[in-house]
Amino acid sequence: MNTSGRKTIRVAFQGEPGAFSEAAAIQLLGDWITTVPCPTFDATFRSVLEGAADALLVPVENSLAGSVVRVYDLLLESDLGIVAETILPIEHHLIGCPGTSLKDIRSVASHPMALAQCEKFFLRHPGLKRVPAEDTAGSVRDVLTRGDKSAAGIAGRRAALHYGGVILAESIQDNAENFTRFVLLIPVSRESSGESVNTATAASPAVSDLMAELRVRQIEQFASGSLLKMSVALRLAHKPGALLAALEPFARHGINLMKIESRPIHGSPWVYQFFLDLLAESPAQLQAALAEVRRATDFLRILGLYSVAKQNSA
């Protein structure tokens, strides 16, 4: 338990300490949590089942690169539900060893996506060699571990602080409107209909405290006029007009369809899973629409019902 009296919750994330995902977890929940780094998304999702974490926080989409498809696949395969979201501005910094300056750098390592999002910086410095790495924060860790003053990594400010690096060039990303949306997942109970009720299963005291805090936040946001977000996965019945029949009830009940995306179903060629994000004023409004949508689908699962995240400027 920490000094505030709350039971510390262990939150798993994909990446090394100092990663953007870790920064997002702390942005959402505060620095009282214990973060648990995992090497892959698969390992992150296993962490709760294996008892290494109480919850996990994963990215689901980036404003420039789109959806993180592996996370959607793993979410559907799991017994986890979305209970909160947060949006993190992505600022890429060039980070090197203490005593190094930009003119000393010959190679720059980072995740390929981060390298690609800093194209203008590399055009201004054509002599720099790009080195793909598994992880943004991991690239900084490796540079600092080697003590190589001719090398640098691209990562967030948290990585520089964690590993003791110096920022040689700030905010080198091409687009200032670069944001990643992350969701917080916990084990949830599911009714026979496949509906997630956002009720923790075999909840630890830490998870129970977390859910109580999230409910308080939700009530406060409702009082200020905020909307509810629901994420849904569905498969259409194989008949003409099925997509229209599945979407029309949302419009009729005044629900804003924020996102719709299809993913192929493994083992079923040319059959697709649809993922939807919906905005509504109340759970009752959503349930009324879903009752009609179910008649047009072969499968429907509510992935989570949660408060809408506020977007901070980068």
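A brief report on the enclosed structure follows. Owing to the predicted nature of the structure, the values given are computational and were not obtained by experimental measurement.

Conventions used here
- Residues numbered from 1 in each chain as written.
- Predicted model: local features only at pLDDT ≥ 70, side-chain atom pairs only at ≥ 80, totals over all residues.
- Heavy atoms only, no water.
- Patch = residues over 30% accessible without salt bridge, like charges linked within 9 Å, V, L, I, M, F, W, Y side chains within 5 Å.
- Areas by Shrake-Rupley, 256 points an atom, 1.4 Å probe, with all protein chains shown as cover.
- Salt bridge = Lys/Arg side-chain N within 4 Å of Asp/Glu carboxyl O.
- Helix = DSSP H or I, 4+ residues; strand = E, 2+ residues; numbered from the N terminus.
- Buried < 20%, exposed > 50% of the residue type's maximum accessible area, 1.4 Å probe, protein only.
- Phe/Tyr/Trp six-rings, centres within 6.5 Å; stacked < 30°, edge-to-face > 60°.
- Lys NZ or Arg CZ within 6 Å of the ring centre and 35° of its normal.
- Pairing = 2+ DSSP bridges.
- Axes fitted to C-alpha atoms, helices over the stretch in contact; angles between N-to-C directions.
- Right-handed = clockwise from strand over helix to strand, strands pointing away.
- Core = buried A, V, L, I, M, F, W, Y, C linked by side-chain atoms within 4.5 Å.
- Contact = heavy atoms within 4.5 Å.
- Parallel < 35°, antiparallel > 145°, perpendicular 65-115°, else oblique.
- Left-handed = near helix turned anticlockwise from the far one by under 90°.
- Nonpolar A, V, L, I, M, F, W, Y, C, P; charged D, E, K, R; others polar.
- Arc of directions from axis to C-beta.
- Polar contact = N/O pair within 3.5 Å; in protein donor to acceptor, adjacent residues only side chain to side chain.

### Overview of a nonpolar patch on the surface
Among the surface-exposed residues, Leu243, Leu257 and Ile260 lie close enough to one another that they form a single nonpolar patch of about 220 Å² accessible area. Along the chain, the position of Ile260 falls in strand β14 (residues 256-265). Given a relative accessible area of 39%, Ile260 falls into the partly exposed group.

### A short note on the packing of aromatic side chains
Scanning the model with the defined rule gives 2 aromatic pairs in all. Here the aromatic rings of Phe121 and Phe122 are separated by 5.6 Å at their centres, their planes lie at 80°, and the arrangement is edge-to-face. Take Phe121: its relative accessible area is 2%, and that puts it in the buried class. Over the face of the ring belonging to Phe299 we find Arg235, whose NZ or CZ atom lies 4.6 Å from the ring centre.

### Remarks on the sheet that holds strand β8 (residues 129-132)
Strand order in the open sheet formed by 5 strands is β8-β7-β9-β6-β10, and the pairing between neighbours is mixed. Each edge of the open sheet carries a strand with a single partner, namely β8 and β10 (166-169). Looking at each pair of strands side by side, their axes are set apart by 35° on average, direction ignored. Of the pairings in the sheet, the one linking strand β7 (residues 107-110) to strand β9 (residues 151-155) comprises 3 bridges and is parallel in character. Each residue of the ladder has a partner; that of Val108, found in β9, is Ala152.

### Points about the pairing of strand β2 (residues 34-38)
Relative to β2, strand β1 (residues 10-14) runs parallel, the two being bridged by 5 bridges. Considered in β2, the bridge of Arg10 is made with Thr34. For the segment spanning β1, helix α1 (residues 20-29) and β2, crossover handedness is right-handed.

### Comments concerning unusual backbone geometry
What you tend to see is this: most non-glycine residues have negative phi, and most peptide bonds are trans. Unlike most non-glycine residues, Ser171 shows phi in positive territory, near 45°. With respect to the helices and strands, Ser171 occurs in the loop between β10 and β11 (179-190).

### A word on the nonpolar core
In terms of nonpolar packing, the biggest core is built from 25 residues, with Ile9, Val11, Ile33, Leu57 and Leu184 touching the most fellow members. In terms of residue count, the dominant contributor to this core is α1 (6 residues). In contact with Leu184, other than residues within four places in its own chain, are Val11, Leu28, Leu29, Ala55, Leu56, Leu57, Gly81, Ile82, Val83, Ala84, Leu210 and Leu214. Counting residues in each nonpolar core, the second largest holds 24 residues, with Ala12, Ala53, Ile82 and Val183 among its members.

### Things to note about the packing of helix α9 (residues 242-252) against helix α10 (residues 283-293)
Relative placement of two packed helices is described by the angle separating their axes and the distance separating the axes. Axis separation between α9 and α10 bottoms out at 8 Å; the angle between their running directions is 155°. Taken together, the axes of α9 and α10 are roughly antiparallel relative to one another. You can see that α9 and α10 cross each other, and the crossing is right-handed. Between α9 and α10, the residues in contact are Ala246, Pro249, Phe250 and Arg252 and Ala289, Leu290, Glu292 and Val293, respectively. Class assignment of the residues belonging to the contact of α9 with α10 gives a composition of 6 nonpolar, no polar and 2 charged.

### What to know about α1
Among the 10 residues that make up α1, 8 are buried, leaving the element largely enclosed by the rest of the structure. Along α1, the residues classified as buried are Phe20, Ser21, Glu22, Ala24, Ala25, Ile26, Leu28 and Leu29. Looking one or two residues beyond α1, the residue adopting positive phi is Gly30, at roughly 100°.

### As for α9
Listing the buried residues of α9 in full gives Ala242, Ala246, Pro249 and Phe250. One side of α9 holds all its buried residues, which, seen down the axis, span an arc of 105°. The exposed residues of α9 that point more than 90 degrees off its buried face are Leu244 and Ala251. Against β13 (228-236), β15 (268-280), α10 and β16 (297-307) lie the buried residues of α9.

### Some thoughts on the pairing of β15
Along any regular strand the residues' side chains alternate between the sheet's two faces. When β13 meets β15, the two strands line up antiparallel, connected through 7 bridges. Directly across from Met230, in β15, lies its bridge partner Leu278. Relative to β15, β14 is paired through 9 bridges, and the arrangement is antiparallel. Counterpart to Pro264 in the pairing with β15 is Tyr272. Taken together, β14 and the strand that follows it, β15, pair antiparallel across an intervening segment of 2 residues, in which Gly267 is found at a positive phi of about 90°.

### A look at the side chain of Asp135
Looking at the element boundaries, Asp135 is found in the loop between β8 and α6 (136-146). A distance of 3.5 Å separates a polar side-chain atom of Asp135 from the backbone nitrogen of Glu16. If we ignore the near neighbours within four places in the chain, the residues touching Asp135 are Gly15, Glu16, Ala19 and His111.

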